[in-house]
Amino acid sequence: MNLDFNHLKKINSNWIKHFSYASYFNFLALLIFITGFIHSIVPWLFAFTPYKLAKKIVDETEKQFIKNSEKRN
């Protein structure tokens, strides 16, 4: 387990903002699991949906990381 009590300070965030982002990304992860599971059974459904959702998580977290690292410099 990785405990970082300064995490919010390091990413220039507050609890509410962090909670909303984390909840949003966790909801997308749940959608990835659900659509991926359905796609594994019925391949013609949700053909690229899990990939697109995962890419959305990566793109948005990278955007936030870049934005926060620019604030620190």
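Counting restarts for each chain, with residues numbered from 1 along the sequence as it is written. For this predicted model, a pLDDT threshold of at least 70 governs which residues receive local features, and a threshold of 80 or more governs which side-chain atom pairs are given and counted, while totals over whole chains, interfaces and linings are taken from all residues. For the side-chain quantities, the full set of heavy atoms in the structure was used; hydrogens and water were omitted.

Chemist: Got a minute to help me understand the overall build of the chain in this structure?
Modeler: When helices and strands are counted, the chain shows 3 helices and 0 strands. Every helix listed is a DSSP run of H or I at least four residues long, and every strand listed is a run of E at least two residues long, numbered separately from the N terminus. Starting at the N terminus, the α and β elements of the chain follow one another as α-α-α. Counting all 73 residues of the chain, 12% fall into the buried class. Two residues qualify as a contact provided that any one of their heavy atoms is within 4.5 Å of a heavy atom in the partner residue. The long-range share in the chain, meaning contacts at least 24 apart out of those at least 6 apart in sequence, stands at 43%. Surface exposure here means Shrake-Rupley accessible area, sampled with a 1.4 Å probe, where a residue is shielded only by the protein chains that are shown. With the model as given, the accessible surface of the chain reaches about 6000 Å², and the carbon-plus-sulfur share is 69%. The rule is simple: take the accessible area with a 1.4 Å probe, protein chains only, and divide by the maximum for that residue type; under 20% is buried, over 50% is exposed, in between is partly exposed.

Chemist: What exactly am I supposed to notice about the packing of aromatic side chains here?
Modeler: The way to describe two aromatic rings as a pair is by their centre distance and the angle between their planes. For Phe, Tyr and Trp, rings pair up if their centres lie within 6.5 Å, where Trp contributes its six-membered ring, and each pair is then called stacked (planes under 30 degrees apart), edge-to-face (over 60) or tilted (otherwise). Counting across every chain of the model gives 4 aromatic pairs. With a centroid separation of 5.2 Å and an interplanar angle of 10°, the aromatic rings of Trp 15 and Phe 19 are classed as stacked. Placement of the pair is Trp 15 and Phe 19 together in helix α2 (residues 15-41), with a separation of 4 residues, close to one helical turn. Of the residues examined, Phe 19 reaches a relative accessible area of 48% and is grouped as partly exposed. Note on Tyr 24 and Phe 25: the rings are 5.4 Å apart at their centroids and 55° apart in plane angle, and the pair reads as tilted. With relative accessibility at 32%, the residue Tyr 24 sits in the partly exposed group.

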